[in-house]
Amino acid sequence: MQGTSCQPLHVDGQKSATWEDVARMDVEGRLVFVLEDRVYCVNEDFLHPGGNEILAEHSGKDITDLFSGEYPLGHAHSSAAHHLLEKFYIGSLTANLPTSEDQEQQQQPFLIDESRPLLWQVGSLGTHYMDWVESPVPGQPRFFESNWAEAVTKTPWWVVPLLWLPVVAHQLLFKATSSGNYSNTSSHSPVSADDLLLSSTTIMLLVVLGIVIWQGIEYSLHRFLFHLHPTTPMGIFLHFLVHGCHHKYPMDIERLVFPPIPASWIVAVVYCAVNAMAPTRAVAGAVFGGIMLGYVAYDCMHYWMHSGLLHGPLKAAHMRHHYIDSSRAYGISSPLFDFILGTMGPMKK
């Protein structure tokens, strides 16, 4: 075998390997591991939630204790993590070849062809959809045949601050410091323009309020919309396009932040609501600027968590949401509303 690609190892027609094979592949630069006498070779483009330096550190070794949490620096991995790893299985140690019963249990029960665009297939899963989507696998699947439609579903993380931070700056530097009033206030009001100016302290407090409002929006969308359990073909199609794809393929690096087009729809609705309810332009600018600042932080933090650039208790809670219990830890940028509404999960590092 040449290069660093991973190929199944065969002996007498069965996938098998020896420790000599493992050592040779490690020397050749492949990320290869043994877990419960099964050999796994991970592609170079695989993204480990804890950072890929962990993979390089333990390549060529038996990671059974590390994976189960018995190793001092390890932690117990979920059944979803085991399921995800199976895609990289290349053989078992010769003395422990799988039985036909083991092989039968490992077969994928869902008829999804990942070599074809997925969106037109997922609707056929029906009541099996949630079981399928909650079993994460690595990879970056194709959604559409059309290249332009496919491109719309992918967004580099840096597009988010590049596009939306100027909006934040405009709201805070110009609108929040203006003295303009809204037309729903009487033109004969005795309040002068100077009286409508906000102090720096007031602006800061309104920005914090906006950030908290965003955290409420983030929590509500994630819990009550993104985690619906659809059963109709159209419902499944929409759910997979909006959020299901992220749970099925949590390491799809180009689909970790909101694409600008759907994000702009939500932004427009929030903008109109804030401006309709705020008593002055300045208040609206400060609150909306805070909301947008919270959104940018959320999307960037989400990307950094999945790409291994951000660590800590928030990331630990979010990884548990993906791989252990998706009914908890709906907040990504903050646990505030999880704490208030009783959906807090463990936040161990």
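1. Remarks on the side chain of H318
Point 1. Assignment of secondary structure puts H318 in helix α14 (residues 313–323).
Point 2. Once residues within four sequence positions are removed from consideration, H318 is found in contact with H246, H302, M305, H306 and I332.

2. Here's the deal with empty space enclosed by the protein
Point 1. Following the criterion strictly, the structure yields three cavities of 30 Å³ or more and no others.
Point 2. Its volume calculated, the largest cavity comes out at about 100 Å³.
Point 3. Lining the largest cavity are W214, F258, A263, I266, V267, V270, F288, I291, M292 and Y295.
Point 4. Secondary-structure elements contributing two or more residues to the lining of the largest cavity are α12 (260–277) and α13 (281–306).

3. Some details on a nonpolar patch on the surface
Point 1. Together, V208, V212, L336, F339, I340, L341 and M344 make up an exposed nonpolar region whose accessible area comes to about 610 Å².
Point 2. Going through the elements one at a time, α10 (200–225) and α15 (336–341) are the ones with two or more residues in the nonpolar patch.
Point 3. The leading source of residues in the nonpolar patch is α15, at four residues.
Point 4. Among the structural elements, V208 can be located in helix α10.

4. Side note on unusual backbone geometry
Point 1. Despite not being glycine, E36 shows a phi value in the positive range, around 55°.
Point 2. Judged by relative accessible area, E36 falls into the exposed class, the value being 51%.

5. Considering the confidence of the model for the chain
Point 1. Taken as a whole, the chain shows an average pLDDT of 84; of its residues, 81% reach a score of 70 or greater.
Point 2. Low confidence marks residues 100–108, where pLDDT is under 50. Its contacts with residues over four positions away, or in another chain, come to four contacts.
Point 3. A low-confidence stretch, residues 183–195 (pLDDT under 50), is modelled with three contacts involving residues beyond four sequence positions or located in other chains.

6. So, the layout of surface pockets
Point 1. Of the volumes computed, that of the second largest pocket is approximately 880 Å³.
Point 2. Along the wall of the second largest pocket there are 36 residues; nearest its centre are L241, V242, H243, F258 and P262.
Point 3. Secondary structure elements with two or more residues in the lining of the second largest pocket: α8 (147–152), α10, α11 (233–248), α12 and α13.
Point 4. Element by element, the count of residues in the lining of the second largest pocket is highest for α11, at eight residues.
Point 5. The residue inventory of the lining of the second largest pocket, partitioned by class, reads 25 nonpolar, eight polar and three charged.

7. Quick look at the pattern of salt bridges
Point 1. Scanning the model with the defined rule gives nine salt bridges in all.
Point 2. Among the ionic pairs, E86 bridges to R38, the shortest N-O distance being 2.7 Å. Within this pair, whereas E86 is found in the loop between α4 (79–85) and β5 (89–93), its partner R38 is found in strand β4 (residues 38–42), the two being separated by 48 residues in sequence.
Point 3. We classify R38 as buried; its relative accessible area is 11%.
Point 4. As a salt-bridge pair, R328 and D325 come within 3.9 Å of each other at their nearest N and O atoms.

8. What to know about α13
Point 1. The end-to-end C-alpha separation of α13 is 38 Å, in line with the 38 Å expected for 26 residues at 1.5 Å each.
Point 2. Most of α13 sits out of view: 22 of its 26 residues are buried.
Point 3. One or two steps after α13, the chain reaches G308, where phi turns positive at roughly 85°.

9. What to know about the environment of F33
Point 1. Residue placement: F33 occurs in strand β3 (residues 31–35).
Point 2. Of the residues examined, F33 reaches a relative accessible area of 4% and is grouped as buried.

10. Some points on the packing of aromatic side chains
Point 1. One pass over the full model with this rule turns up 17 aromatic pairs.
Point 2. Centroid distance W157 to Y303: 5.8 Å. Interplanar angle 25°. Geometry classified as stacked. Highlighted residues: W157 in the loop between α8 and α9 (159–175) and Y303 in helix α13, separated in sequence by 146 residues.
Point 3. On the basis of relative accessible area, Y303 is assigned to the buried category, the value being 13%.
Point 4. Among the aromatic residues, ring-to-ring pairing joins Y129, W132, F143 and F240 into one connected group.
Point 5. Here the guanidinium or amino end of R38 rests over the ring plane of Y89, the centre of that ring lying 3.8 Å away.
Point 6. Of note, R255 hangs over the ring of F143, and the distance from its end group to the ring centre comes to 3.7 Å.

11. Re α9
Point 1. Helix length check: α9 (17 residues) gives 24 Å between terminal C-alpha atoms against 24 Å at 1.5 Å per residue, within 8%.
Point 2. Residues V159, V160, P161, W164, V168, Q171 and K175 constitute the buried set of α9.
Point 3. Where the residues of α9 are buried, they touch α12 and α13.

12. Some words on the packing of α13 against α14
Point 1. Put simply, α13 and α14 touch, their axes get as near as 10 Å, and they point 75° apart. Classified by the angle their axes make, α13 and α14 are roughly perpendicular. Counted together, M301, H302, M305 and H306 of α13 and L314, K315, H318, M319 and H322 of α14 form the full contact between these two elements.
Point 2. Its residues placed into classes, the contact of α13 with α14 shows four nonpolar, four polar and one charged.

Rules used throughout
Residues numbered from 1 in each chain as written. Predicted model: local features only at pLDDT ≥ 70, side-chain atom pairs only at ≥ 80, totals over all residues. Heavy atoms only, no water. Helix = DSSP H or I, 4+ residues; strand = E, 2+ residues; numbered from the N terminus. Contact = heavy atoms within 4.5 Å. 1 Å grid on protein atoms, 1.4 Å probe; cavity = no way out; pocket = protein on both sides within 12 Å on 5 of 7 lines; lining within 4 Å. Points joined across faces, edges and corners; volume = space filled by probe spheres on them. Patch = residues over 30% accessible without salt bridge, like charges linked within 9 Å, V, L, I, M, F, W, Y side chains within 5 Å. Areas by Shrake-Rupley, 256 points an atom, 1.4 Å probe, with all protein chains shown as cover. Salt bridge = Lys/Arg side-chain N within 4 Å of Asp/Glu carboxyl O. Buried < 20%, exposed > 50% of the residue type's maximum accessible area, 1.4 Å probe, protein only. pLDDT = per-residue confidence, 0-100. Nonpolar A, V, L, I, M, F, W, Y, C, P; charged D, E, K, R; others polar. Expected span 1.5 Å × (residues − 1). Phe/Tyr/Trp six-rings, centres within 6.5 Å; stacked < 30°, edge-to-face > 60°. Lys NZ or Arg CZ within 6 Å of the ring centre and 35° of its normal. Axes fitted to C-alpha atoms, helices over the stretch in contact; angles between N-to-C directions. Parallel < 35°, antiparallel > 145°, perpendicular 65-115°, else oblique.

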